[in-house]
Amino acid sequence: MTDAALANPVSTAPVFCEDDELGYRRSLTDFTSPLMLDESYRLAHLPLVAPEHPGIIARREGKFYEMGRHPVVYSLVLPVEDGTLRASPAFVALEAELKAAPFAGKIAWDILPKRQDRLHATVCGSLSLAEPPTITAETREALRKIEPFTVELRGLFSGNVNRGRLYLPVYPEKRAGRNALQDVQAAFGRAPGDLWLVGLYNFIDDLDADETAALAGIVSRWWGTSLLNLTVSELQVMGASDDLVLDAHVEAVLPLGA
């Protein structure tokens with residue numbers, strides 16, 4: 001190898017995990033019938049975006065939600081900058097299609113600016129409740145052994161849980177056959193997951209058959225489309241007392257790499 005090659009090593013494009021290794025297809029909304037807001041959504045989300053809706057579940061025995069709010073939960077998240085996302089022409093085109101869709105009036109557009117500085121995908125949920133978690137020296141050392149990696153945000157996702165919320169699915173980089181986000185989960189002693197989602201849009205009502213068909217079409221057309229590639233060099237411990245993280249705060253920043 002020449003000195004020039006050593007000084008300027010050839011960079012290779014990241015290889016991402018694909019659908020056959022992840023859970024997005026398995027967890028997709030069944031669009032064969034009109035989309036109805038499910039119980040989990042009506043308990044945790046609907047009170048925050050449409051508090052006067054007759055379908056809200058204000059509280060339920062055995063759950064800690066009260067009109068969508070709860071004691072502070074701390075989770076490990078992958079932060080996403082709103083400005084970076086909106087600099088993506090593909091994302092701008094996707095959102096324009098949503099704004100032109102027949103269900104556009106049922107999206108809580110007013111929530112977006114309230115969440116723009118706390119967009120994220122949860123990597124390890126519920127690290128602790130009420131009090132910040134203790135990040136052990138072993139976990140910090142494990143994170144230092146994980147070099148910064150790339151993730152790709154794609155298309156549009158509507159799941160079979162929390163029906164009523166629309167997300168961008170996260171496709172992590174794969175190195176030497178290993179899923180980078182699963183390596184992060186292992187550093188926290190968590191079982192490997194296969195679903196990481198950036199929550200963006202919330203419905204304020206059920207969809208009728210035509211609206212559901214329109215949503216299914218958008219999800220299908222944008223499936224697998226790359227919206228944005230992000231280099232992940234740090235993760236955050238975020239605390240919030242609602243599932244839309246409207247009052248979230250960053251408790252700690254955890255860098256990757258030595």
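Quick caveat: nothing in here was measured; it's all calculated off a predicted structure.

So, about the overall build of the protein. What the protein contains, in helices and strands, is nine helices and eleven strands. Relative to the 2.2 N^0.38 estimate, which gives 18 Å for 258 residues, the radius of gyration of the protein is 19 Å and therefore close to what a compact globule would have. Here the C-alpha coordinates of the protein stretch approximately 70 × 40 × 30 Å along the principal axes. Buried positions account for 50% of the 258 residues belonging to the protein. Taking the contacts inside the protein whose residues are at least 6 apart along the sequence as the reference set, 78% of them involve residues at least 24 apart. Accessible surface, the protein: about 12200 Å² in total, of which carbon and sulfur atoms supply 53%. Between the averaged position of the 24 positive side-chain charges in the protein and that of its 35 negative side-chain charges there is a distance of 2 Å.

All right, on to the nonpolar core then. Phe103, Leu168 and Leu215 are the most contacted members of the largest nonpolar core, which has 72 residues in total. Tallying contributions element by element places helix 9 (residues 209-222) first for this core, with six residues. Discounting chain neighbours no more than four positions away, the residues touching Phe103 are Leu98, Phe203, Leu207, Glu211, Ala214, Leu215 and Ile218. Counting residues in each nonpolar core, the second largest holds five residues, with Val77, Met238, Val245 and Ala248 among its members.

Below, the discussion takes up empty space enclosed by the protein. Tallying each qualifying case throughout the model produces one cavity of 30 Å³ or more. In this structure, the largest cavity occupies an estimated 40 Å³ of space. Taken together, Asp82, Arg86, Leu112, Arg115, Gln116, Leu119 and Leu200 make up the lining of the largest cavity. When residues of the lining of the largest cavity are traced back to their parent elements, those giving at least two are helix 4 (82-86) and helix 6 (112-115).

Here the focus is the confidence of the model for the protein. Residues at a pLDDT of 70 or more form 96% of the protein, whose mean pLDDT is 95. With pLDDT under 50 throughout, residues 1-10 is counted as low confidence; its partners more than four residues away or in other chains account for one contact.

For the rest of this paragraph, the subject is the environment of Lys106. Structurally, Lys106 is set in the loop between helix 5 (89-100) and helix 6. As for Lys106 and Asp183, which are separated by 77 residues in sequence, their C-alpha atoms are 38 Å apart. Contacts of Lys106, omitting those with residues within four sequence positions, involve Asn202, Phe203, Ile204, Asp205, Asp206, Leu207, Asp208 and Glu211. In terms of polar contacts, Lys106 uses its side chain to reach the side chain of Glu211, at 2.8 Å.

Moving on, we get to the state of the cysteines. Per the counting criterion, the structure on display carries zero disulfides. Here Cys17 stays free of any disulfide, with the sulfur of Cys124 as its closest cysteine sulfur at 16 Å. Under the relative-accessibility criterion, Cys17 is labelled buried at 2%. Judged by relative accessible area, Cys124 falls into the buried class, the value being 1%.

Following both chains from N to C, one finds helix 5 and helix 9 inclined at 165°, their axes separated by 11 Å at the closest point. If you check the angle between helix 5 and helix 9, you find them roughly antiparallel. By crossing handedness, the relation of helix 5 to helix 9 is classed as right-handed. Contacts between helix 5 and helix 9 pair Ala90, Ala93, Leu94, Glu97 and Leu98 from the former with Ile218, Arg221 and Trp222 from the latter. Its residues assigned to classes, the contact of helix 5 with helix 9 comprises six nonpolar, no polar and two charged.

Positionally, Gln185 belongs in helix 8 (residues 180-187). With a relative accessible area of 6%, Gln185 lands in the buried category. Excluding anything up to four places from it in sequence, Gln185 contacts Val123, Cys124, Arg190, Ala191, Pro192, Gly193 and Trp196.

Cut-off values and rules
Residues numbered from 1 in each chain as written. Predicted model: local features only at pLDDT ≥ 70, side-chain atom pairs only at ≥ 80, totals over all residues. Heavy atoms only, no water. Helix = DSSP H or I, 4+ residues; strand = E, 2+ residues; numbered from the N terminus. Rg over C-alpha atoms; globule rule 2.2 N^0.38 Å. Buried < 20%, exposed > 50% of the residue type's maximum accessible area, 1.4 Å probe, protein only. Contact = heavy atoms within 4.5 Å. Areas by Shrake-Rupley, 256 points an atom, 1.4 Å probe, with all protein chains shown as cover. Lys, Arg positive; Asp, Glu negative; His and termini not counted. Charge placed at Lys NZ, Arg CZ, Asp CG, Glu CD. Core = buried A, V, L, I, M, F, W, Y, C linked by side-chain atoms within 4.5 Å. 1 Å grid on protein atoms, 1.4 Å probe; cavity = no way out; pocket = protein on both sides within 12 Å on 5 of 7 lines; lining within 4 Å. Points joined across faces, edges and corners; volume = space filled by probe spheres on them. pLDDT = per-residue confidence, 0-100. Polar contact = N/O pair within 3.5 Å; in protein donor to acceptor, adjacent residues only side chain to side chain. Disulfide = S-S within 2.5 Å. Axes fitted to C-alpha atoms, helices over the stretch in contact; angles between N-to-C directions. Parallel < 35°, antiparallel > 145°, perpendicular 65-115°, else oblique. Left-handed = near helix turned anticlockwise from the far one by under 90°. Nonpolar A, V, L, I, M, F, W, Y, C, P; charged D, E, K, R; others polar.

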